[in-house]
Amino acid sequence: IGDDADITAGTVRVSASNAQSIRALGGAIAAGAKTGIGGTFTGTVSTDFVTARIGSSSGNTGVQATDAITIHAASDQIVETVSVAGGVSAGVGVGGALGVTAIRGGATAELADSGNLQVTGAPSETTGGIGITSTVGTELKAAVGGLGAGKTKAGVGGGAAVNLLLGQSTARVGNAAQVDATGRIDVAATTRGDVITLTAGLGGAPGKAAGLALSTNTFVGITRATVGNGALLNQRNQAAQRAVRVA
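Residues numbered from 1 in each chain as written. Predicted model: local features only at pLDDT ≥ 70, side-chain atom pairs only at ≥ 80, totals over all residues. Heavy atoms only, no water.

A.B. asks: Got a sec to walk through the pairing of strand S9 (residues 184-204)? Specific residues and values, please.
C.D. replies: Within a regular strand, the side chains alternate between the two sheet faces. For strand S6 (residues 130-150) and S9, the ladder comprises 20 bridges, and the chain directions are parallel. Note on S9: the bridge partner recorded for Val136 is Thr191. Here S9 runs beside strand S12 (residues 243-246); their pairing, made up of four bridges, is parallel. Bridging from a neighbouring strand, Arg184 pairs with Ala243 of S12. (Pairing = 2+ DSSP bridges. Helix = DSSP H or I, 4+ residues; strand = E, 2+ residues; numbered from the N terminus.)

Quick look at the structure:
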């Protein structure tokens, strides 16, 4: 909803959401009389940013409802990857696999500066409230493995996984905004990240054998629920049931 809009309704809901999933499989196998070398690389990048907003950078936007007003933004991403490689030989067998995954997700739910929200109806379990909420959910499952087998000389297997997850969730009431409800006012942001990684390296040979495995996982969650400078919450409504939660 843009600048200078003036809306009156029973229920007003401004919502932006996106759910996306990626499934990736990479594999390689090599067999040779003297030397067998198998290698695979799986790289995955997933990005998702959503915004639900009433008002923008300038001007006054007013929304009045009898039942409820909701501004909600949600981003959900699921990534599943498998990377495997094998090398088999009568002499030297080498297998190596590398998986790299980067996931970025962001959700912003906002009442812009100088915006005005008002709910006037009688409060109940489902009416009378104003919610400004954002959620970001990120889930990663990754399996990486390498197998090397040599019948006479050497076998080397290695697997490595590098995973980076960044989630940013923002719920905001802008500067000089005014929000009034007969029920509850919620300004809430949530960020969630789940990572499961399996990494394996296996080497087998009568002579020399080596198995190597490496896994590194980084998750950065930025969660903000804020009320701007000069904003007024429940200044016009003296209903006993009113409550304000910023979390």
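A.B. asks: Now, about unusual backbone geometry: what can you tell me, with residues and values included?
C.D. replies: Look at Ser114: it is not a glycine, yet its phi comes out positive at around 70°. Summarising the element assignment, Ser114 is placed in the loop between strand S4 (92-111) and strand S5 (116-119). In this model, Ala176 sits at a positive phi of 60°, which is unusual for a non-glycine residue. Topologically, Ala176 is positioned in the loop between strand S7 (154-173) and strand S8 (178-180). Judged by its relative accessible area of 46%, Ala176 is partly exposed. (Buried < 20%, exposed > 50% of the residue type's maximum accessible area, 1.4 Å probe, protein only.)

A.B. asks: Which residues make up the pairing of S6, and what values go with them?
C.D. replies: By the bridge criterion, 21 bridges tie strand S3 (residues 62-89) to S6 in an arrangement that is parallel. In the sheet register, Ser89 faces S6, and the bridge partner there is Gly150.

A.B. asks: Lay out the nonpolar core with the relevant residues and their values.
C.D. replies: Grouped together as the largest cluster of nonpolar side chains are 29 residues, with contacts concentrated most on Leu111 and Leu117. Mapped by element, the contributors of at least two residues to this core are strand S1 (6-32), strand S2 (35-54), S3, S4, S5, S6, S7 and S9. Examining the composition of this core, we find that five residues originate from one element, S3, more than from any other. Counting five residues, the second largest nonpolar core, distinct from the first, contains Val79, Ile103, Ala142 and Leu165. (Core = buried A, V, L, I, M, F, W, Y, C linked by side-chain atoms within 4.5 Å.)

A.B. asks: With reference to specific residues and values, describe the pattern of salt bridges.
C.D. replies: Scanning the model with the defined rule gives seven salt bridges in all. Here Glu110 ties to Arg172 by a salt bridge, and the two come within 2.5 Å at their closest N and O atoms. Residue Glu110 is located in strand S4, and its partner Arg172 is located in strand S7; the two are separated by 62 residues in the primary sequence. The shortest N-O distance in the salt bridge between Asp186 and Arg184 comes to 3.0 Å. Several salt bridges share partner residues, and in doing so they unite Arg53, Glu110, Asp113 and Arg172 into one network. (Salt bridge = Lys/Arg side-chain N within 4 Å of Asp/Glu carboxyl O.)

A.B. asks: Could you give an account of the side chain of Glu110, naming the residues involved and the relevant values?
C.D. replies: Using a relative accessible area of 12% as the deciding quantity, one classes Glu110 as buried. There is a polar contact of 2.7 Å between the side chain of Glu110 and the side chain of Arg53. Once you skip the residues sitting within four places of it in the chain, Glu110 turns out to touch Ala52, Arg53, Ile54, Ile71, Ile132 and Arg172. (Polar contact = N/O pair within 3.5 Å; in protein donor to acceptor, adjacent residues only side chain to side chain. Contact = heavy atoms within 4.5 Å.)

A.B. asks: For the sheet that holds strand S10 (residues 208-227), give the residues involved together with the corresponding values.
C.D. replies: Hydrogen bonds between backbone groups are what pair the strands of a sheet, and the pairing can be parallel or antiparallel. The four strands are arranged S2-S4-S7-S10 in an open sheet whose pairing can be described as parallel. Two strands in the sheet have a free side with no partner beyond their single neighbour: S2 and S10. Taken over all neighbouring pairs, the strand axes of this sheet differ in orientation by 0° on average, direction set aside. Examined bridge by bridge, S4 and S7 share 20 bridges and lie parallel to one another. Counted as the bridge partner of Val100 is Val162 from S7. (Axes fitted to C-alpha atoms, helices over the stretch in contact; angles between N-to-C directions.)

A.B. asks: Tell me about the environment of Ser17, residues and numbers included.
C.D. replies: Considering the arrangement of structural elements, one finds Ser17 in strand S1. For the pair Ser17 and Leu147, spaced 130 residues apart in the sequence, the C-alpha separation amounts to 42 Å. For Ser17, the contacting residues outside a window of four places in its chain are Val50 and Ala74.

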